[in-house]
Amino acid sequence: MTSAPLTGRTVLITGATSGIGYETARLLGERGATVLVHGRTTDEAQAATDRLIATAGVEAGQLCAYAADFSRLEEVEELAHRVVTNHPHLDVLVNNAGMAAPERHTITADGNEIAFQVNFLAHYLLTCLLEPALTSNPGGRVVNVSSSLHRTGNIQWSDPNRSRRYSRLAAYAQSQLALTVFAADPRVTAVSVHPGICDTALLPLYAHEGASAAEGATHVARLCDPATEIVNGAYYDRDQHVDPAPAATENRSVQRLNKLASLLVGHTA
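Chains are numbered independently. Their residues run from 1 in the order of the written sequence. Selection of residues for local features in this predicted model requires a pLDDT of at least 70, selection of side-chain atom pairs for listing and counting requires 80 or more, and totals for whole chains, interfaces and linings are taken over all residues. Calculation of side-chain values draws on the structure's entire complement of heavy atoms; hydrogens and water are dropped beforehand.

Chemist: In this structure, what is going on with the overall build of the protein? I would like to understand it.
Modeler: When helices and strands are tallied, the protein shows 7 helices and 8 strands. What the globule rule says is 2.2 Å times the number of residues to the power 0.38, and the radius of gyration is computed from C-alpha atoms. For the protein, whose C-alpha radius of gyration is 17 Å, the value lies close to the compact-globule estimate of 18 Å for 269 residues. With the C-alpha coordinates of the protein rotated into their principal frame, the extents come out at 50 × 40 × 35 Å. Categorising residues by exposure relies on relative accessible area from a 1.4 Å probe, with only protein chains included: less than 20% of the type maximum marks a residue as buried, more than 50% marks it as exposed, and the intermediate range marks it as partly exposed. For the protein, with 269 residues in total, the buried portion stands at 54%. Residues count as neighbours in contact if any of their non-hydrogen atoms are within 4.5 Å of one another. Taking the contacts inside the protein whose residues are at least 6 apart along the sequence as the reference set, 75% of them involve residues at least 24 apart. To qualify as a helix, a DSSP run of H or I must reach at least 4 residues; to qualify as a strand, a run of E must reach at least 2; elements of each kind are numbered from the N terminus.

Structure, rendered in structure tokens:
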């Protein structure tokens, strides 16, 4: 990875308090980018920025802590509003926050299956609301941290909450497929990346052991670099540009997903 400075570039990373999100914040911060560190709570986001200052030597002036619980869509809207107000020009949005679907079928206060909302719908809403900031200058981009498990997924169009037949693996795979399909939306240049199987909270979904979160983060950080040319809708397995699941490139899927997501988040993009 080139290590040209990223001074003057502003990047928002969701789920940046641990794992791949935190390590991506560290890599970009070390190269001079202004990093907006998102966490579920103010305390978590502040603790992560303090740690970056103390252990990675990132300047305090380069870091801003933001909080929003993605299981509550009104908090996502408030987050977007604060970011656009404070940073009307955003270079990169890294949609990284993610959770494993719980054992028990769980519906959020907004009425959505929780993994579908946290992993996809919240990022859909956030991306739509940040579009003015991402497109204020040419070159703005979105990096969706997806998963190879998107290949095993299917979107239950008539029952996205999977209330009829719930399986946590199927719910997780559906959320990752939706995030990957969303990268092909033409409004903002976006790519998806599977950062490899890494030793993070999601590891048990994949394997018993994995690469370090820092290694996975290098693949995410590379796609945040303007020196890395990207094609809208592209999917990367670590640093290799490969074909995603066929559904992720079908125009019909992209249009159906936009329609479904805008309905579920109550936002007409």
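Chemist: Help me understand the nonpolar core in this model?
Modeler: Across soluble globular proteins, nonpolar side chains have a tendency to be buried as a group. The biggest cluster of nonpolar side chains holds 43 residues, and the ones touching the most others in it are Leu12, Phe70, Val83, Leu90, Phe120, Leu126 and Leu130. The set of elements that each furnish at least two residues to this core consists of helix H3 (73–86), helix H4 (114–134), helix H5 (168–182) and helix H7 (251–265). The biggest single contributor to this core is H4, with 13 residues. The residues touching Leu130, leaving out its near neighbours within four places in the chain, are Leu12, Ala80, Val83, Val84, Leu90 and Leu93. We define a nonpolar core as any set of buried Ala, Val, Leu, Ile, Met, Phe, Trp, Tyr and Cys residues linked to one another through side-chain atoms lying within 4.5 Å.

Chemist: Explain the pattern of salt bridges to me, please; I cannot follow it from the model alone.
Modeler: Pairs may arise between side chains of opposite charge once their charged atoms sit close together. Salt bridge, as used here: a side-chain nitrogen of Lys or Arg that lies within 4 Å of a carboxyl oxygen of Asp or Glu. The full count for this structure, using the stated rule, is 10 salt bridges. Arg9 is the partner of Asp91 in a salt bridge, and the nearest nitrogen-oxygen pair spans 3.7 Å. Here Asp91 is found in the loop between H3 and strand S4 (92–95), whereas its partner Arg9 is found in the segment before strand S1 (10–13), with 82 residues between them in sequence. When sorted by exposure, Asp91 lands in the same class as Arg9, which is buried. Of the charged contacts in the structure, one is a salt bridge between Glu75 and Arg72, with a shortest N-O distance of 3.7 Å. Judged by its relative accessible area of 24%, Glu75 falls in the partly exposed class. In the salt-bridge network here, residues are joined through shared partners; they are Glu23, Arg26 and Glu30.

Chemist: Quick question: what am I supposed to make of the packing of H3 against H4 here?
Modeler: Packed helices, taken two at a time, are described by the angle their axes make and the gap between the axes. Helix axes are fitted to C-alpha atoms over the stretch in contact, other axes to C-alpha atoms as well, and angles between N-to-C directions run from 0 to 180 degrees. Relative orientation of the contacting elements H3 and H4 amounts to 30°, with a least axis distance of 9 Å. The angle between H3 and H4 falls in the class roughly parallel. At the point where H3 passes H4, the crossing takes the right-handed sense. Seen from H3, the contacting residues are Leu73, Val76, Glu77, Leu79, Ala80, Val83 and Val84; seen from H4, they are Gln117, Ala122, Leu125, Leu126, Leu129, Leu130 and Ala133. A per-class count over the contact of H3 with H4 returns 12 nonpolar, 1 polar and 1 charged. Just so you know how the angles are binned, under 35 degrees is roughly parallel, over 145 roughly antiparallel, 65 to 115 roughly perpendicular, and the rest oblique. We call a crossing left-handed when the near helix sits turned anticlockwise from the far one by less than a right angle, and right-handed when that turn is clockwise. As a working rule, the residues Ala, Val, Leu, Ile, Met, Phe, Trp, Tyr, Cys and Pro are called nonpolar, Asp, Glu, Lys and Arg charged, and the rest polar, with Gly in that last group.

Chemist: Just to check I follow, could you spell out the pairing of S4 for this structure?
Modeler: Regular strands show a simple pattern: their side chains alternate between the two faces of the sheet. Taking every second residue as pointing to the same face, both faces of S4 are buried, with Val92 and Val94 on one and Leu93 and Asn95 on the other. Taken together, the 3 bridges between S1 and S4 define a ladder with parallel strand orientation. Paired with Ile13 across the bridge in S4 is Val94. DSSP calls a pair of strands paired once it identifies at least 2 bridges connecting them. As judged from the 4 bridges shared by S4 and strand S5 (residues 141–145), these two strands associate in the parallel manner. Within the sheet, the bridge partner assigned to Leu93 lies in S5 and is Val142. Consider the strands pointing away from the viewer: the crossover is right-handed when the path from the first strand over the helix to the second runs clockwise. In the classification by handedness, the crossover that spans S4, the intervening H4 and the parallel S5 is right-handed.

Chemist: What is the right way to look at the packing of aromatic side chains in this model?
Modeler: Each pair of aromatic rings is reported with the distance of its centres and the angle of its planes. Pairing of aromatic rings covers Phe, Tyr and Trp, the last counted by its six-membered ring, and requires centre-to-centre distances within 6.5 Å; plane angles under 30 degrees mean stacked, over 60 mean edge-to-face, and any other angle means tilted. Taken as a whole, this structure holds 4 aromatic pairs when the rule is applied. For the ring pair Phe120 and Phe182, a centre distance of 6.0 Å and an interplane angle of 80° mean the geometry is edge-to-face. Of the two residues, Phe120 sits in helix H4 while Phe182 sits in helix H5, which places them 62 residues apart along the sequence. You can call Phe182 buried: its relative accessible area is 8%. A centroid spacing of 5.1 Å and a plane angle of 50° characterise the contact between Tyr124 and Phe182, whose relative ring orientation is tilted. Placement of the pair is Tyr124 in helix H4 and Phe182 in helix H5, with a sequence separation of 58 residues. Using a relative accessible area of 1% as the deciding quantity, one classes Tyr124 as buried.

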